[in-house]
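Remarks on the overall topology
Chain residues, written in single-letter form:
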Amino acid sequence: MTLMEIREKLLALIAAVLHRCGAGENTFSLEHPADVSRGDYATNAALIAAGQLGKSPREIATQLAVALEDRKPVEIERIEVAGHGFINFFLSQQFFASSVTRVLEAGERFGRNETLVGKKVMVEYTDPNPFKVFHIGHLMTNVIGESIARVFEFSGAEVKRANYQGDVGLHVAKAIWGMQSKAGECPEESAPLSERTAYLGVAYVLGAAAYEEDADAKHEIQHLNRKIYDRSDTEINRLYDAGRQWSLDHFEELYAKLGTKFDYYFFESEVAGPGKQLVEEYKARGVFEESDGATIFRGEREGLHTRVFLTRDGLPTYEAKELALAEMKYEKYPYGQSVIVTANEITEYFRVLLAAMAKIFPDLASRTHHITHGMLRLATGKMSSRTGTVITGESLIEDSIALAREKMRVSDVLAGEEREAVAEAVGVGALKYAILRQNRSRDIIYDAEKSFSLEGDSGPYLQYAYVRACSVMEKARQASIEYNNPLSTFHFPPSPLDRLLYQFPEVVSHALEEYEPHHVTTYLTELAASFNSFYASHTIIDPDNPELSSYRLSLTAAVAQVLKNGLSLLGIRAPEWM
């Protein structure tokens, strides 16, 4: 019986016994105790039912424990009453033996489930704008979105990754105005991509400042914006096409480092026209209305706020384009669920958008889920790309890799390209862990040094635990010591490490239910800490005790596999050497 089946059977048994005792419907918990000495599962059912039955929780717990004893699954070794009325369940040694077997037999599939088999999911995330820098917000959305996509895949879904990019709009006009102003400094196509994108950054900052400070420049930029939309000027088109491609090529370099590969790219320029047509069509049907020359959706009627969908100039806003985007996505890939990952700050925007979408595409609106996250902040607080005084997502990635490279100088295990590959894996892993270590809705204060701690709570800490486990197995291989008999585990009392290993599939399910990768991060950190304690306090390879060595090596191999599987869900690479 699998862990999920054991859990479901316990829940059903507890509910049935409560009913026989005269308790009505109750919402009770069945959780893993924080202290493994208190069992592998614990329930508060007796405390919940005490008021209904007019007895003390302890008395009811004792009664429940006796009733459950004869009906418990064979995987439950014993049941105990604790404290004021908790009931603790202890899994059998044979269960833990079979758990190690399952991990080693399943390998990279261990932890997978079939919850979403047959389901099609599109996950949209990252969404950077060409002509602007890849900022910290894009980095955070990429890391969270990629991890959520991987959890969906691990749960059986067919997943397509989508990236929606703003390749038209005032920000583009500002950048092209800056390019025109600095035409003499424009690099050749043969120049390094980094040089060309740096030029775009300077041009954007120049145009953004001029738009705010110079009325004539503002008018010129607005005029440029229209020409970009209708592609009516050959020279502007040339600047636009070059700058757009430079940006997209640069983004691909960053995606490669982050381990993301998108299936679909959508652009504002593609959905602007269709979005405008949709709003005009549904304005005639009463969904939208005119106000001061603009076309709006009156959100107050839905308990929300009003937003503009067409400007006074008749240009489609982000809202109008998103309506067309939803339809275009479904035409490309008929999804059962569309997940869009963005920062918290546009939550209200999406509520209005989905309310409008529900009146135009009710089926698509019902399939669309907006997942939000907090902000990544440094000591200087939230920064804007308008001013140019910004620590970009790219620079944060490069700084993290450089810090990993610096910390690896004391090691002579690796050299050359292999050392650089590990430095990248560790640097990016440190950054990803810092983003995924907590509830996604909370803001993050990023501390570069802490993100490399080998004392715990960091990506490198998890990677190093994996490296340590791999090292132990390599030593066993070199000594010709076998560890392919995990069933011998039942000869030994389950360790805290055993009691953590089997929980991984549940953790994955929990992460899926809540769209929360941090459940995986938390679990892996606990697993790594438990393994490090196990490593420090036990001789894993003991030539004088081959049976004990086989058990401990099997356990070590299982830990390595679960760490690798979990790190993969986080989008963090698991190097075998550090």
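Okay, so let's go over this structure. In this convention, every chain numbers its residues from 1, walking through the sequence in written order. Where local features are concerned, this predicted model is filtered to residues with pLDDT of at least 70; where side-chain atom pairs are given and counted, the filter is 80 or more; whole-chain, interface and lining totals use all residues. Side-chain figures throughout are based on the complete set of non-hydrogen atoms in the structure, without hydrogens or water.

On to the overall build of the protein, then. Only DSSP runs of H or I with at least four residues qualify as helices, and only runs of E with at least two residues qualify as strands; both kinds are numbered from the N terminus onward. In terms of helices and strands, the protein carries 20 helices and 14 strands. Taken over the C-alpha atoms alone, the protein extends approximately 80 × 65 × 40 Å along its principal axes. The rule is simple: take the accessible area with a 1.4 Å probe, protein chains only, and divide by the maximum for that residue type; under 20% is buried, over 50% is exposed, in between is partly exposed. Counting the 578 residues in the protein, one finds 54% classified as buried. Long-range pairs, those at least 24 residues apart, make up 73% of the contacts in the protein with a sequence separation of at least 6. Summed over all atoms, the accessible surface of the protein reaches about 25500 Å², with 49% contributed by carbon and sulfur. Positive charges are assigned to Lys and Arg, negative charges to Asp and Glu, while His and the chain termini are left out of the count. We put the charge of a Lys on NZ, of an Arg on CZ, of an Asp on CG and of a Glu on CD. Of the charged side chains in the protein, 61 are positive and 81 negative; the average position of the first set lies 3 Å away from that of the second. We call two residues in contact whenever any of their non-hydrogen atoms come within 4.5 Å of each other. Accessible surface area values rest on a Shrake-Rupley calculation with a 1.4 Å probe, where residue burial reflects the displayed protein chains alone.

To continue, consider the pattern of salt bridges. Within this document, salt bridges are pairs made up of a side-chain nitrogen of Lys or Arg and a carboxyl oxygen of Asp or Glu, the two lying within 4 Å of each other. In this structure the tally under the stated criterion is 31 salt bridges. Between R150 and E146 there is a salt bridge; the shortest N-O distance is 2.7 Å. With R150 and E146 both in helix α5 (residues 136-154) and 4 residues apart, the pair spans about one turn of that helix. With relative accessibility at 3%, the residue E146 sits in the buried group. The structure contains a network of salt bridges with shared partners spanning E146, R150, E153 and R161.

This next bit is on the packing of α5 against helix α15 (residues 416-436). To define axes, lines are fitted to C-alpha atoms, for helices over the stretch in contact only, and angles between the resulting N-to-C directions are given on a 0 to 180 degree scale. Interhelical geometry of α5 versus α15 gives an angle of 80° and a closest axis separation of 10 Å. Between α5 and α15, the angle is such that the two are roughly perpendicular. Of α15, the residues touching α5 (which contributes L139, M140, V143, I144 and S147) are L431, K432, I435 and L436. Under the grouping applied here, Gly and all other residues not named as nonpolar or charged are polar, the nonpolar ones being Ala, Val, Leu, Ile, Met, Phe, Trp, Tyr, Cys and Pro and the charged ones Asp, Glu, Lys and Arg. Its residues assigned to classes, the contact of α5 with α15 comprises 7 nonpolar, 1 polar and 1 charged. Here the angle decides the label: under 35 degrees means roughly parallel, over 145 means roughly antiparallel, 65 to 115 means roughly perpendicular, and every other value means oblique.

Our next topic: helix α8 (residues 215-230). Three- or four-residue spacings in an α-helix give side chains the same orientation, since the helix completes a turn every 3.6 residues. The first and last C-alpha atoms of α8 sit 23 Å apart over 16 residues, in line with the 22 Å expected at 1.5 Å per residue. Contacts from the buried residues of α8 go to α6 (170-181), α7 (193-213) and α9 (234-258). Put simply, D214 is the residue that caps the front of α8, since its side-chain oxygen is 2.9 Å from the backbone nitrogen of D216. Residue R231 follows α8 closely and has a positive phi angle near 50°. Every helix has an expected span of 1.5 Å times one less than the residues it contains. Polar contact criterion, stated in full: a pair of N or O atoms within 3.5 Å, where within protein one must be able to donate a hydrogen and the other to accept it, and residues adjacent in sequence count only if both atoms are side-chain atoms.

It is worth spelling out the side chain of E319 at this point. You can see E319 is positioned in helix α11 (residues 318-332). Not counting the four nearest positions on each side in its chain, E319 is found in contact with R307, V308, F309, Y349 and L353.

With respect to topology, 4 strands assemble into an open sheet ordered β1-β2-β4-β3, the strand pairing being antiparallel. Every other strand in the sheet has two partners, leaving β1 (30-31) and β3 (76-82) as the edge strands with one partner each. At least two bridges found by DSSP between two strands is the condition for calling them paired.

With a 1 Å grid laid over protein atoms only, a set of points is called a cavity when a 1.4 Å probe fits there but cannot get out and a pocket when it is open yet has protein on both sides within 12 Å along at least five of seven lines; lining residues have an atom within 4 Å of a point. Grid points are joined across faces, edges and corners, and a volume is the space filled by probe spheres set on the points. When its volume is computed, the second largest pocket comes out at roughly 670 Å³. Along its surface, the second largest pocket is lined by 22 residues, and H32, Q503, E506, V507 and H510 are the ones closest to its centre. A breakdown of the residues in the lining of the second largest pocket according to their chemical character gives 8 nonpolar, 7 polar and 7 charged.

What follows concerns the sheet that holds strand β8 (residues 289-291). Taken in spatial order, the 3 strands make up an open sheet running β8-β9-β10, and their pairing is antiparallel. For this open sheet the edge positions go to β8 and β10 (307-310), each flanked by a neighbour on one side alone. Each adjacent strand pair in this sheet contributes to an overall mean axis angle of 55°, direction not counted. One ladder, built from 3 bridges, connects β8 with strand β9 (residues 294-297); its direction is antiparallel. Bridged to E289 within β9 is I296. Docked against the sheet, helix α12 (residues 347-360) engages β9 and β10, running at close to 90° with respect to β9.

The next point concerns the nonpolar core. Grouping buried Ala, Val, Leu, Ile, Met, Phe, Trp, Tyr and Cys residues that are joined through side-chain atoms within 4.5 Å yields what is termed a nonpolar core. Core analysis: the largest hydrophobic core is formed by 84 residues, its most contacted members being V123, L139, F152 and L527. Considering every element that reaches this core, the biggest residue donor is helix α20 (residues 546-569), with 12 residues. Sequence-distant contacts of F152, defined by excluding residues within four places in its chain, comprise L116, V121, V123, A157, V159, Q337, V339, L512 and Y515. Formed by 33 residues, the second largest nonpolar core is a distinct cluster that contains Y335, F350, V352 and A355.

This part is about the side chain of Q503. Along the chain, the position of Q503 falls in the loop between α17 (496-501) and α18 (504-514). We classify Q503 as buried; its relative accessible area is 13%. Looking at Q503, its side chain comes within polar contact range of the main-chain oxygen of R499, at 2.8 Å. The residues touching Q503, leaving out its near neighbours within four places in the chain, are L3, H32 and Y523.

To continue, consider the pairing of β3. In the sheet, β3 pairs with strand β4 (residues 86-91) via 6 bridges, with the strands oriented antiparallel. If you follow E80 over to β4, its bridge partner there is N88. Connecting β3 to the next strand, β4, in antiparallel fashion are 3 residues, including G83 with a positive phi near 60°.

The subject of this paragraph is the packing of aromatic side chains. A pair of Phe, Tyr and Trp rings is counted when the ring centres sit within 6.5 Å of each other, with Trp represented by its six-membered ring. The angle between the planes then sorts it: under 30 degrees is stacked, over 60 is edge-to-face, the rest tilted. Overall, the coordinates contain 21 aromatic pairs when judged by the stated rule. Aromatic rings pair up to connect Y125, F134, F251, Y255, F262 and Y265 into one cluster. Our definition puts a charge over a ring when NZ of Lys or CZ of Arg is within 6 Å of the ring centre and also within 35 degrees of the ring normal. Its guanidinium or amino end placed over the ring of F267, R244 lies 4.2 Å from that ring's centre, counting from NZ or CZ. One residue, R285, lies across the ring of Y282, its end atom 4.5 Å from the ring centre.

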